[in-house]
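Observations on the three-dimensional arrangement
For reference, the chains in residue letters:
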Amino acid sequence: MPRKDINLPYKIQYLSILDENGKLDKKLDPNLSEDLLMKLYRAMVLSRKFDERMLTLQRQGKIGTFAPIKGQEAQIGAVAVLEPDDWLVPSFREMAAELWRGKKMENILSLYAGYNEGGEIPEGFNNLPVSIPVGSQTLHAAGIAYAIRYRKQKQVAMTFFGDGATSEGDFHEAMNFAAVFQVPAIFICQNNHWAISVPRSHQTRSKTLAQKALAYEMPGIQVDGNDVLAVYAAAKEAVDRGRSGEGPTFIECVTYRMSVHTTADDPKKYRSEEEVEGWVKKDPITRFEKYLRDKNLMDDDQVKATEEEVSGEIKEAVGRWEDFIKKTPDPLSMFEHLLEELPPHVEQQREELKAEQAQRKGGK
Amino acid sequence: MAKMTMVQAINLALMQEMEKDDGVMVLGEDVGKDGGVFRVTDNLMDKFGPERVMDTPLAESGIAGFSIGMALHGLKPVCEMQFSGFSYFAMHQLEAHAARLRGRSLGRFHVPMVLRAPYGGGVRALEHHSESREAYFAHTPGLKMVIPSTPRNARALLVSAIRDPDPVIFFEPKALYRAFREEVPEDEETLPIGKSRIAREGKDVTVISYGATLHSVMEAAEKLEEEDGVQVEVIDLLTISPLDDELFSESARRTGRVVVAHEAPRSFGAGAEVIARLVEKSFLYLEAPVRRVTGFDIVIPLYQREMDYLPGVNRVMQGVRETLDF
């Protein structure tokens, strides 16, 4: 027969465990310990509050442009599956995941206040720094995962990126390399529906982003990205698959960027208030809190106590950051870490700046 | 000692470094079974297997980004761009990440990778197979840019590049791949990155060059000695970035006359930086304007006309004579 159907036995699943009213699908419950549930809740609240604090600091002119994370806090469910020596390969909207993995709030503030010192990697964690060029970091996760496999280690590399990144060549190359070499990489797509002003529907005609995995013969799943339990469950499956040598996984987390793209952006220009309102009802924290209340793990007092506790923590971090700035960090540090050894001509340029500084201090 | 072509010498470096260190990996398009389109990676896959000598999907940015990842997790990838003309796909990964991850992570991570690519004209190739764009890479802080000129120094520099803790772009002058043989010691040999060499001693004029053009310069120097009785000193840069400005400055102060020769376009090329350093460091010693003998500021033509484009022996001789006559 010259022309017939090729049977490709593929299906794409959608996973939701905790619905927007906080109602649990018991059959799908990943059965997390109470301790972990409470930790996840606290971490999500901390991320939300810190995000809000950063926005205030930005509006006050104390820090520069940053990409708020509001609405995407359930990403913590994915990194909660990881061990510290697993690799986190983030883009620029993974503050919640970074905090979970040891990133100091004062360093985040320093970074967005324009100090390279904020790039400090938390001790004991394999976290790559924030990567701004969209989608480019996904290749690093693929390469890291190959090295892990080559060294016969049990780690995995988990990379985050947005819906816009699925239009980038590097994303496709990373998916392809990861699948061809069957490496323990986990691709977490934060489909927050907007790449600055361009909606998800303009990035691709595909009905789901998850189905992009199929072209690479990679398992792909779409999950409710505002449901921390679904995100956790899907990530757990993917991480287990990676650790047991069964290759990479793609997870599309359907979520929403409830705030601006960055603080330099005004979303009113391109999206409606109604759309945002619709997503407020699907807030990842509200539903999780309701679930915990229903489970009798949480009450009004505890909610208040948690909020006060994280606010205190944020206040302390802001204090440490202000101390750092008061110490007027040395601009000469810009010459550090270019290469292992600074070449003579750059050393000379460092001396030029040093002389200029001395002149400024000494003269008028 | 065995007489080797540059292809064989580079292969020897890879072979020995892979034997020595099981973290050294080779990856790229057709580098495995085929041994590379120039056979530079011949027999490596047989010896080290497909896990360490990887035929990758056809995607240059992918190869570079994947290599960065491997390097971050402690391996030493030596990736190949089949031709430097296709390395621009990888440029973003190199500029945005390979060159910056050490700094961005405050030294917690570094990227000890090598990106090898055949470059330059003179082999009657197709479009995109003959250009000389080392300046792009040399202009990027955080990258090192190395260009060997003989089999022996290619081997020694590649060993150093592989052992270097930072990303090294290693451009191989493909016109020299099989142009001549040279004794290459079996025993380990390295050359420091960031150091140039005197390829020929002379007292009347200094010609600074690198890569395939160096050989036109050497021939021109012989002829000038025969025909004009002029003694030309030739400096072979070997590393474009970080540039060793000590050796050529010292030479320029002795001879007072300098010509810079390379096949890359003249404007904003490596020669421009060399001259800027000379002006900064040795201005008062110069007795004539520094002349550039280079490719033209045009897209390199297809091969019927590439010999007219490339700075050959005659053009170098003319440049030297004009500098001496000033």
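Residues numbered from 1 in each chain as written. Chains lettered and ligands numbered in written order. Predicted model: local features only at pLDDT ≥ 70, side-chain atom pairs only at ≥ 80, totals over all residues. Heavy atoms only, no water.

Quick look at the packing of aromatic side chains
Tallied over the entire structure, the rule returns 22 aromatic pairs over all chains. Ring centres of Phe177(A) and Phe181(A) lie 6.2 Å apart, and the angle between their planes is 55°; this geometry places the pair in the tilted category. Each member of the pair, Phe177(A) as well as Phe181(A), carries the same accessibility label: buried. Among the aromatic residues, those joined into a cluster by ring pairs are Tyr146(A), Phe177(A), Phe181(A) and Phe66(B). Positioned above the aromatic ring of Trp279(A) is the side chain of Lys282(A), whose terminal nitrogen or guanidinium carbon lies 4.3 Å from the ring centre. Above the plane of the ring of Tyr285(B) lies Arg253(B), whose end atom (NZ or CZ) is 5.8 Å from the centre. (Phe/Tyr/Trp six-rings, centres within 6.5 Å; stacked < 30°, edge-to-face > 60°. Buried < 20%, exposed > 50% of the residue type's maximum accessible area, 1.4 Å probe, protein only. Lys NZ or Arg CZ within 6 Å of the ring centre and 35° of its normal.)

Regarding the state of the cysteines
Disulfides are covalent bonds that link the sulfur atoms of two cysteine residues. This model, assessed by the stated rule, comprises zero disulfides over all chains. Of the cysteine sulfurs around Cys253(A), a residue in no disulfide, the closest is that of Cys189(A), at 7.7 Å. (Disulfide = S-S within 2.5 Å.)

Regarding the interface of chain B and chain A
Every contact between the two is made by 43 residues of chain B and, on the other side, 43 residues of chain A. Here chain B and chain A share an interface that buries about 3500 Å² over both sides, 66% of which is from carbon and sulfur atoms. Its largest share of buried area at the contact with chain A, chain B owes to Phe66(B), His73(B) and Leu106(B), together 20% of the area lost on that side. Run the count over chain B and chain A and you get two salt bridges. Note that Arg151(A) is salt-bridged to Asp22(B), the shortest N-O span being 3.0 Å. Where chain B packs against chain A, one counts 16 residue pairs in polar contact (both at pLDDT 80 or more). Where the side of chain B that touches chain A is concerned, the elements lending two or more residues are strand 3 (53–55), helix 3 (60–72), helix 4 (88–98) and helix 5 (101–104) of chain B. In terms of residue count, helix 3 of chain B provides more of the side of chain B that touches chain A than any other element does, ten residues in total. The residue makeup of the side of chain B that touches chain A, split by class, is 18 nonpolar, 14 polar and eleven charged. (Contact = heavy atoms within 4.5 Å. Buried area = accessible area lost by both parts, 1.4 Å probe. Salt bridge = Lys/Arg side-chain N within 4 Å of Asp/Glu carboxyl O. Polar contact = N/O pair within 3.5 Å; in protein donor to acceptor, adjacent residues only side chain to side chain. Helix = DSSP H or I, 4+ residues; strand = E, 2+ residues; numbered from the N terminus. Nonpolar A, V, L, I, M, F, W, Y, C, P; charged D, E, K, R; others polar.)

Points about the sheet that holds strand 3 (residues 126–127) of chain A
Residue and element names in this part refer to chain A. With respect to topology, seven strands assemble into an open sheet ordered 1-8-9-5-4-2-3, the strand pairing being parallel. The sheet is open, and its two edges are formed by strand 1 (13–15) and strand 3, each paired on a single side. One ladder, built from three bridges, connects strand 2 (residues 87–89) with strand 4 (residues 157–162); its direction is parallel. Note that in strand 4 the partner of Trp87 across the bridge is Ala157. Across the face of the sheet, helix 5 (residues 138–150) comes into contact with strand 2, strand 4 and strand 5 (185–191) while running at roughly 170° to strand 4. (Pairing = 2+ DSSP bridges. Axes fitted to C-alpha atoms, helices over the stretch in contact; angles between N-to-C directions.)

Considerations on the sheet that holds strand 12 (residues 239–241) of chain B
All names here are of chain B. Judged by pairing direction, the sheet is mixed, and its seven strands sit side by side in the order 3-2-4-5-7-6-12 without closing on themselves. Of all strands in the sheet, those with a lone pairing partner are strand 3 and strand 12, marking the two edges. Across the sheet, the mean angle separating the axes of adjacent strands is 20° when strand polarity is ignored. As paired strands, strand 6 (residues 144–146) and strand 12 are joined by two bridges and run antiparallel to one another. If you follow Val146 over to strand 12, its bridge partner there is Thr239. Contacting strand 2 (24–28), strand 3, strand 4 (76–80), strand 5 (114–119) and strand 7 (168–173), helix 1 (residues 6–20) runs over the sheet at an angle of about 135° to strand 2.

A look at the domain arrangement of chain A
The accessible area lost on association of the parts is a frequent measure of interface size. Structurally, chain A comprises domain 1 (13–329) and domain 2 (332–362). Spacing between the C-alpha centres of domain 1 of chain A and domain 2 of chain A amounts to 37 Å. (Domains from an automatic or database assignment.)

So, the domain arrangement of chain B
Residues and elements named next belong to chain B. Domain annotation for chain B reports domain 1 (2–184) and domain 2 (197–325). Taking only C-alpha atoms into account, the centre of domain 1 sits 26 Å from that of domain 2. Taken together, the contacts link 29 residues of domain 1 with 23 residues of domain 2. Summing both partners gives a buried area of about 1900 Å² for domain 1 against domain 2, and 59% of it is carried by carbon and sulfur. By the criterion of area lost to domain 2, the three top residues of domain 1 are Arg124, Ile147 and Ser149, representing 23% of everything that side buries. Where domain 1 packs against domain 2, one counts ten residue pairs in polar contact (both at pLDDT 80 or more). Every element with two or more residues in the side of domain 1 that touches domain 2 is listed here: helix 6 (134–138), strand 6 and helix 7 (151–163).

Some thoughts on the pairing of strand 14 (residues 291–295) of chain B
Residues and elements named next belong to chain B. Here strand 13 (residues 258–265) runs beside strand 14; their pairing, made up of five bridges, is parallel. Looking across to strand 14, one finds that Pro265 is bridged to Gly295. Between strand 13 and its parallel partner strand 14, the chain crosses via helix 10 (residues 270–282), and the hand of that crossover is right-handed. (Right-handed = clockwise from strand over helix to strand, strands pointing away.)

What to know about the pairing of strand 10 (residues 205–209) of chain B
Residues and elements named next belong to chain B. Most of strand 10 sits out of view: five of its five residues are buried. Burial along strand 10 is two-sided: Val205, Val207 and Ser209 facing one way and Thr206 and Ile208 facing the other are all buried. Across five bridges, the pairing between strand 10 and strand 11 (residues 232–236) is parallel. Bridging from a neighbouring strand, Val207 pairs with Val234 of strand 11. Taken together, strand 10, helix 8 (residues 213–228) and strand 11 constitute a β-α-β crossover, and its handedness is right-handed.

Focus: the side chain of Thr56(B)
With respect to the helices and strands, the residue Thr56(B) is situated in the loop between strand 3 and helix 3. Residue classification places Thr56(B) among the buried positions, given a relative accessible area of 10%.

Notes on the packing of helix 1 (residues 34–59) of chain A against helix 10 (residues 284–294) of chain A
Residues and elements named next belong to chain A. Running from N to C, helix 1 and helix 10 cross one another at 150°; their axes reach a closest spacing of 10 Å. Here helix 1 is positioned roughly antiparallel relative to helix 10, judged by the angle of their axes. Crossing handedness for the pair helix 1 and helix 10: left-handed. Counting all contacts with helix 1, which are made through Leu37, Met38, Leu40, Tyr41, Met44, Val45 and Arg48, the residues of helix 10 involved are Pro284, Ile285, Phe288, Glu289, Tyr291 and Leu292. (Parallel < 35°, antiparallel > 145°, perpendicular 65-115°, else oblique. Left-handed = near helix turned anticlockwise from the far one by under 90°.)

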